[in-house]
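# A closer look at the structure
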Amino acid sequence: MELIQENPDLSAYLAADEVIDHHHPLVRETAARLTKDATDSYDYARLAFEFVRDAIAHSQDSGDPRVTWRASDVLEQGTGICYAKAHALTALLRAEDIPTALCYQRFDVVHGLVAVRFNGAWHRQDPRGNKPGVDARFSLNGEQLAFLPDSEAGELDYPVLYAAPHPAVLNALKAAPDRPGLWETLPVALP
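Residues numbered from 1 in each chain as written. Predicted model: local features only at pLDDT ≥ 70, side-chain atom pairs only at ≥ 80, totals over all residues. Heavy atoms only, no water.

## Considerations on the packing of aromatic side chains
Where we set the bar: Pairing of aromatic rings covers Phe, Tyr and Trp, the last through its six-membered ring, and needs centres within 6.5 Å; plane angles under 30 degrees mean stacked, over 60 mean edge-to-face, and all others mean tilted. Secondary structure counts use DSSP, requiring at least four H or I residues in a row for a helix and at least two E residues in a row for a strand, with both numbered from the N terminus. In this scheme, a residue with accessible area under 20% of its type's maximum is buried, one over 50% is exposed, and one in between is partly exposed, where area comes from a 1.4 Å probe on protein chains only. Cation placement over rings: the criterion is NZ of Lys or CZ of Arg within 6 Å of the ring centroid and within 35° of the ring normal.
Summed over the entire model, instances satisfying the criterion amount to 7 aromatic pairs. Measuring from ring centre to ring centre gives 6.4 Å for Y83 and Y104, while their planes differ by 55 degrees; the resulting arrangement is tilted. Residue Y83 is located in helix 5 (residues 82-95), and its partner Y104 is located in strand 4 (residues 100-106); the two are separated by 21 residues in the primary sequence. Overall, Y83 belongs to the buried group, its relative accessible area being 1%. Members of the aromatic cluster, joined through ring pairs, are Y42, F49, F118 and F138. Note that K174 overlies the ring of W69, its terminal NZ or CZ placed 4.9 Å from the centroid.

What follows is the structure in structure tokens.
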């Protein structure tokens, strides 16, 4: 699948905003801590991915009712669903000047992940968190995502790389009173 930048300006994939708040002190502190153990930007990206995948609980898997959406809140509270974890990873990577996009897949609902840009190409990564039957890994040599769409079941990969969260995703996260409430309003497809 050919990935398509929504914005042709690569600097858009380094930007901070209300959600990807990579200038927030907690994001900066976390990035600095991870940088100490990294030998280069690729190693940092892998460490940041593993940190978000493993240290931030996927709220559905853990049963946590809280809904987080801002990267700094995800890091502070240590929980989030796939979208929120993607926001946290995006902020950590952009904090170290690694172009990072948000991207999506469609299953029963829309699933969120990221793409990082290394060596002139985009590489999708899924920090949702591993569990039995899910073994996502950081890779620039072939995708190792949590889920693969079944086209016969109507599942798909969206090819668009977004610089900011898709409005349908962000609106659902912001409006949700809790995770069970969020499950009632998650987007089932993107326009």
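## Some details on the environment of M1
With respect to the element layout, M1 can be found in the segment before strand 1 (4-5). A relative accessible area of 56% means that M1 is categorised as exposed. For M1 and P159, which are 158 residues apart along the polypeptide, the C-alpha to C-alpha distance reads 7.0 Å.

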